[in-house]
Amino acid sequence: MDRMYRVLGFWTIVIALMAFWGGLYPMSLIFFGLTAFFVALSYMSLTERVYLNIFFGFMFLSFVGFTYYTFFVMPVGPQEHAFLQLMM
């Protein structure tokens, strides 16, 4: 299971480098941080249950955060505001 976290670290570094080269600096910093997080976890030699619980928590937080961002923060178009501002 620890090797899968190294695989996650590899793919997050690939995404971070592509975002960096594309000029998406905040996104690249997030993925560089995720790379460090996943690689550090991979060398901790935890049990498989702990690795699965950490992954579940990570996926839950990322899905909730993405849903919150898309509904309440992300601008809809050039003239419109975020959904939360439309409601107020």
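Residues numbered from 1 in each chain as written. Predicted model: local features only at pLDDT ≥ 70, side-chain atom pairs only at ≥ 80, totals over all residues. Heavy atoms only, no water.

**A word on the packing of aromatic side chains**
If you walk through the whole model with that rule in mind, you get nine aromatic pairs. For the ring pair Phe37 and Phe38, a centre distance of 5.6 Å and an interplane angle of 50° mean the geometry is tilted. Its relative accessible area of 2% is what places Phe38 among the buried residues. Aromatic ring contacts, followed pair by pair, group Tyr5, Phe37, Phe38, Tyr51 and Phe58 into a single cluster. Between Arg6 and the ring centre of Tyr43, over which it is positioned, the NZ or CZ distance is 4.3 Å. (Phe/Tyr/Trp six-rings, centres within 6.5 Å; stacked < 30°, edge-to-face > 60°. Buried < 20%, exposed > 50% of the residue type's maximum accessible area, 1.4 Å probe, protein only. Lys NZ or Arg CZ within 6 Å of the ring centre and 35° of its normal.)

**A word on the pattern of salt bridges**
Scanning the entire structure with this criterion turns up one salt bridge. Across the pair Arg6 and Asp2 runs a salt bridge whose closest N-O atoms are separated by 3.8 Å. With Arg6 and Asp2 both in helix 1 (residues 2–21) and four residues apart, the pair spans about one turn of that helix. Take Arg6: its relative accessible area is 29%, and that puts it in the partly exposed class. Exposure remark for Asp2: the relative accessible area of 25% places this residue in the partly exposed category. (Salt bridge = Lys/Arg side-chain N within 4 Å of Asp/Glu carboxyl O. Helix = DSSP H or I, 4+ residues; strand = E, 2+ residues; numbered from the N terminus.)

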